[in-house]
Structure formats: structure tokens, C-alpha cells
Amino acid sequence: MATLDNHLPTNELQALDAAHHIHPFSDRAAMNAKGARVITRADGLYLWDSEGEKLLDGMAGLWCVNLGYGRQELVDAAARQMSQLPYYNTFFQTTHPPAVMLSARLAELAPGTLNHVFFAGSGSEANDTNVRMVRHYWASLGQPDKKTIIARKNGYHGSTLAAASLGGMSAMHEQGGLPILDITHIDQPYWWGEGGDNSPAEFGLARARALETEIERIGADKVAAFIAEPVQGAGGVIIPPETYWPEIQRICRAHDILLIVDEVITGFGRTGNWFASEVFNITPDIMTIAKGLTSGYLPIGASVVSDKVANVLSEKGGDFHHGYTYSGHPAACAVALENLRLIEEEHVIETVATKTAPYLKEKWQSLSDHPLVGEARICGMMAAIELTPDKAARARFSDDSNVGITCRNFCFDNGLIMRSVGDVMVISPPLNISTSQINELVGLAFKSLDMTLDVLTKGGLMKSAA
Ligand SMILES: *Cc1c(COP(=O)(O)O)cnc(C)c1O
């Protein structure tokens, strides 16, 4: 039988995978026709596949491996905790040191009065928790009808029923009868794609005011909360204009609506601060975290809750009939604590803020000189480029031309993992990327863009330079 140390040859792994493994977010027929790419090991910023090809991981896994691969300290933290107490739950008035210490540490790090933590196994689960918690909050205050949650088109909040409903991905809603009841969506602050002739500042205000219009349509006495990512990640690294967040917060306060900020990607240094809420001056009532909390080494998520919400729940909420077997899993909490310790000890966030993110910004923005790139945008260590046939017109390729996928495949061939979101190419590298690795990443991106341009030009898909 196969062992993991000495794995089967690639083609046999692919055949077993095709026969038995259903993948997330993959077209099974298309994938199995060529065989899944098999990743077998990783170190630092690099992955190796089963054929020995080396890849620079420009995505930190799925936006999560913030300290890179091969961090023995994180492995040891898990092993120590698993020897001492591999599992116990936090239900029914029980706790354990890793969950206690991690909640206290998160309360120190999180902005404002976010001092209380409800643990989940993932970002999706944490957002499901948020849906129930904000509705329970208002019901505890005698307003059970204040339960609608407003979210955004093209937002991403996870894949469980409630989280996918909060998300505004139409392809996800089409499968399985989503969204669930009492969740509605407003337009996103995506200037390059939807801003038309507005200035970014005007557009940011207009898209924030869509929240007010929606609250007035539904009735503020029926709206529990608004949820958004500070910067949309999976939607294509969409960075809102500066006018957006102040207006959103004014509206939430004016109408007594809770604000849930989903920092699953943006937390733990991704934007050059502990949280993007600091970058945009956001004061959330609840913050969702996951991914970078353990650098992805073990699964965990959490809702970090303000004094205001937590106090109502403890004074009037009674028993919260909600919890996951793995809420506060001891090994995941231990890895999270060690990960947070390393981020601090190695000055990861300061280095990102003062050195590597500014360096990446300069290099990344040089991509906008490429004929195929309409905009190169960046916030800390998350960045995107818009592929366009016509920069001046901010035009799009037709949906069936699959330009993003073509570019992504060239990246793979060239040894770079860069993700495509439609025709937007995104990166989110490990936070400890060095300046020479930034050069390597941007160099490979340029090369892959050239190869993509070549194919498009030959296919007559570019607006001619003449
Ligand atoms: C990935 C993601 C989630 C979902 O987290 P999972 O751990 O995959 O369930 C939620 N919100 C945002 C912003 C994400 O990027």
C-alpha cells in the first residue's frame, strides 16, 4: 500500500484522486482530464510537486501561510500540545489553557473593545456564528425582527450555508438554493471595474450610500448587521476608495446596525498592521478571523466580539445554543499562540510595513507599464492586476476568452503560483518574503504576462496599438 513518505508515482496518485477525491472549487471533469497537480513538500516560500518542479507560492497557500512553510516552531508547538492534551472541548463550562491564553492574546491584539472570542474551526464557521450571534443579540434586546444582514456582491465569507449566503458570489448562490432568508447584498466599491466616469472618491461615497438606501428599503428596525471585508480578497483584491469606510461607519451608527468586519485574509499582518481595521480606521462590533492566525498550519477560526455585544449576551442572552466540537481546539490554539509569538519576535509586521510592502508596491506598480495591465493595485502584501485589451477604456475581455486562466497557466509553467479571479491576477505571498524573492516574483509575473500577451495578440484579442 501507499505510504506518504514514499508516495506513488504521479500518474497513479492522479488516477486514485480522480476516482475517489471530490475537490473544492474544481471542475471535476476538466481537472481529471489532465490530472490534478500533486504537491508533495514545501519550504520557506517554495512548493515542490510530485515531478520535482519548484514553485514560488505567490498566494501563501490560500492567503494563509503567512510565515511560510517549514516553520519547525509551529510543528513543535502542535506536537507539544498534542502530547499533553490533544483534544478537549470548551462546551458545558469547561476550558483549557491554550483556549484561555489565545483568547486573552487576541483581546490584546484586536483593536478597540474587541475583547471576547468565540472559537470555530474555520472562517466559514466563524461567519455562521456571527449570523446567529447578531440575531441572538438583537433578540436578547427585545428586537427579534432585527435580523436581516446586509452584505456585498462579490464579497467572500466562506462556503457553509450561511457564510456562502453572506458572500456575494453569484456562481455559489446558483448551486444549492442560496442565499438563505434575510440576507441581502449591495454593490461593491470596485472602482476600476464599475466606477465609470466617477472619481474614486465620488464612487466610494456612492457605494457606501447604497448601504443607507438598502437599510431604508428594509427598515432599520429589521436590519441586524452589515458585513464586509476591509479589502475584498477572493473577489480580486478590491481596495475601496478612501471615502468608503468612513461613510459606511457613519451609516451603521446612524441606523444602529452592527458592523461585522471579515478580516480572515486581512488579519495578522497582511496589510502591514495587525488588522486592516487599523489601516482603514474601522471600529467593528465583531471581527472574523481565521487563515493567518495559525499561518494555515492547523485549522481554526474565530469571532472576536466587542464589549458592547458580549455584555448584552452575558447579561440577557442566557445559554448560546451554538458550538463546534473543535471550538478552541487545543493544538490549533497552541499553534496560533506560537505563530503570534513569532510574528512579534521576528518583527514581521514592522518589516512588512516599513520595508517589504513598500518595495513590493514599487515593483508591482511597474507592472502597469505592461500593455496587458489596466491597473496594478496593492495594499500591504495583497495585490492585483487587471488584464485588459484596452487600458484607456478600462475594457474587459469577453467571458469565454479565459484570459486569466491562460495567464495563470503560464505562471505555473514558469514556476509561480499567482491566482486568477476572472481576468484579475492576484497575489498574497508569505509575509516574510525577501526583497530578492519579490524581484523573482515580479520577474516571473512579467514573463507570464508577455507570454499571455503574445497568445492574445496572435488571436487578435488586443486592441491594436495603432
Ligand atoms: C477564506 C475566507 C473565509 C472562509 O474561511 P474558511 O476557513 O475557508 O472557511 C471567510 N472570509 C474571508 C474573507 C475569506 O477569505
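Our structure is the block above this text.
Residues numbered from 1 in each chain as written. Predicted model: local features only at pLDDT ≥ 70, side-chain atom pairs only at ≥ 80, totals over all residues. Heavy atoms only, no water.

**Student:** How would you sum up the sheet that holds strand 15 (residues 424-427)? Please name residues and give values.
**Tutor:** Strand pairing within a sheet occurs via backbone hydrogen bonds; the two strands may be parallel or antiparallel. Ordered in space as 11-12-15-14, the 4 strands form an open sheet in which the pairing is antiparallel. Every interior strand has two partners, whereas the edge strands, strand 11 (373-379) and strand 14 (419-421), have only one. Ignoring strand direction, the axes of neighbouring strands in this sheet form an average angle of 25°. Of the pairings in the sheet, the one linking strand 11 to strand 12 (residues 382-387) comprises 6 bridges and is antiparallel in character. Counted as the bridge partner of valine 373 is leucine 387 from strand 12. (Pairing = 2+ DSSP bridges. Helix = DSSP H or I, 4+ residues; strand = E, 2+ residues; numbered from the N terminus. Axes fitted to C-alpha atoms, helices over the stretch in contact; angles between N-to-C directions.)

**Student:** Could you give an account of the layout of surface pockets, naming the residues involved and the relevant values?
**Tutor:** Counted as a void, the second largest pocket has a volume near 1,000 Å³. Within the residue set of the lining of the second largest pocket, elements represented by two or more residues are helix 5 (97-109), strand 4 (114-120), helix 6 (123-140) and helix 13 (307-316). Ranked by residues supplied to the lining of the second largest pocket, first place goes to strand 4 with 4 residues. (1 Å grid on protein atoms, 1.4 Å probe; cavity = no way out; pocket = protein on both sides within 12 Å on 5 of 7 lines; lining within 4 Å. Points joined across faces, edges and corners; volume = space filled by probe spheres on them.)

**Student:** Residues and numbers for the nonpolar core, please.
**Tutor:** The tendency in soluble globular proteins is for nonpolar side chains to be buried as a group. Core analysis: the biggest nonpolar cluster contains 64 residues, and Trp364 and Ile385 have the highest contact counts within it. When residues of this core are assigned to their parent elements, the largest contribution, 8 residues, is made by helix 17 (residues 435-458). Of the domains in this structure, domain 1 (37-70 + 347-458) and domain 2 (73-345) are the two that each give at least three residues to this core. For isoleucine 385, the residues in contact, after removing those within four places along its chain, are Trp364, Leu367, Val373, Glu375, Ala376, Met418, Asp423, Val424, Met425 and Leu449. (Core = buried A, V, L, I, M, F, W, Y, C linked by side-chain atoms within 4.5 Å. Buried < 20%, exposed > 50% of the residue type's maximum accessible area, 1.4 Å probe, protein only. Domains from an automatic or database assignment. Contact = heavy atoms within 4.5 Å.)

**Student:** Describe the site of the ligand, listing the residues and the values that go with them.
**Tutor:** The ligand sits among Ser122, Gly123, Ser124, Asn127, Tyr156, His157, Gly158, Glu229, Asp262, Val264, Ile265 and Lys291. Here an oxygen atom of the ligand sits 2.5 Å away from a polar atom, N or O, in the side chain of serine 124. One of the side-chain nitrogen or oxygen atoms of lysine 291 is found 2.7 Å away from an oxygen atom of the ligand. Counting residues per element, the shell around the ligand draws most heavily on helix 6, which supplies 3 residues. In terms of residue class, the shell around the ligand is made up of 3 nonpolar, 6 polar and 3 charged. (Near = heavy atom within 4 Å. Polar contact = N/O pair within 3.5 Å; in protein donor to acceptor, adjacent residues only side chain to side chain. Nonpolar A, V, L, I, M, F, W, Y, C, P; charged D, E, K, R; others polar.)

**Student:** So what's going on with the environment of serine 314? Residues and values would help.
**Tutor:** Within the secondary structure layout, serine 314 lies in helix 13. A relative accessible area of 61% means that serine 314 is categorised as exposed. Within the structure, serine 314 has its side chain in polar contact with the backbone oxygen of alanine 310 (distance 2.7 Å).

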